[in-house]
Amino acid sequence: MKLIIAAIKPFKLEEVREALTAIGVRGMMVTEVKGFGSQSGHTEIYRGAEYAVNFVPKVKLEIVVADAMTEQVVDTIATTAKTDKIGDGKIFVLDVEGAVRVRTGETNDDAI
């Protein structure tokens, strides 16, 4: 099993969710986060004063999938979240040692 963590632009969330559902992803966790990468924040003008926005709003998706689905899920997120502008986000893939469905006690692939 793999844990896929993706940081994407907030307005892309629904489009990415629909695309992932279409390929068979049955669940995900979504968190509103702030961060910065290459763009290192930006400046905005509010009530005539310019100020630095050091952290950019993002949405973090956490999805656990079977090993066989990993590449398809990563490709789906990457193509759906892409805007060709700076700050499109990042995707990380990590190994998952185990999973348990609390309600039924199912483990590993059966739990996801």
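Model, not experiment: these values are computed from the prediction.

Caption draft 1: Quick look at the sheet that holds strand E6 (residues 89-95). Overall, antiparallel pairing links the four strands, which are arranged E2-E5-E1-E6 in an open sheet. Looking at the sheet topology across the chains shown, the edges are occupied by strand E2 (29-35) and E6. Along the sheet, successive strands turn relative to each other by an average axial angle of 20°, direction set aside. By the bridge criterion, seven bridges tie strand E1 (residues 2-8) to E6 in an arrangement that is antiparallel. From the neighbouring strand, Ala7 faces E6, where its bridge partner is Lys90. Along the sheet, helix H2 (residues 70-81) makes contact with E1, strand E5 (56-65) and E6, crossing E1 at roughly 5°.

Caption draft 2: Region of interest: the pattern of salt bridges. Taken as a whole and judged by the stated rule, the model has six salt bridges. Glu106 is the partner of Arg101 in a salt bridge, and the nearest nitrogen-oxygen pair spans 2.8 Å.

Caption draft 3: Examining the environment of Phe36 more closely. Checked against the element boundaries, Phe36 lands in the loop between E2 and strand E3 (42-46). The sequence separation of Phe36 and Gly89 amounts to 53 residues, and the corresponding C-alpha distance is 9.4 Å.

How each quantity is defined
- The residue numbers shown here count from 1 along each chain, following its written sequence.
- Owing to the predicted nature of the model, reporting of local features is limited to residues with pLDDT of at least 70; listing and counting of side-chain atom pairs is limited to 80 or more, with chain, interface and lining totals taken over all residues.
- To get the side-chain values, take all heavy atoms of the structure and skip hydrogens and water.
- Only strands that DSSP links by at least two bridges are regarded as paired with each other.
- A run of H or I in DSSP counts as a helix once it spans at least four residues, and a run of E counts as a strand once it spans at least two, with each numbered from the N terminus.
- For helices, the axis comes from a line fit to the C-alpha atoms of the stretch in contact; other axes are also lines fit to C-alpha atoms, and the angle between any two N-to-C directions lies between 0 and 180 degrees.
- Whether two residues touch is decided by their heavy atoms; if any such pair falls within 4.5 Å, the residues are in contact.
- Salt bridges are defined as contacts in which a side-chain nitrogen from Lys or Arg sits within 4 Å of a carboxyl oxygen from Asp or Glu.

Without other data, these values stay purely geometric and don't point to any function.
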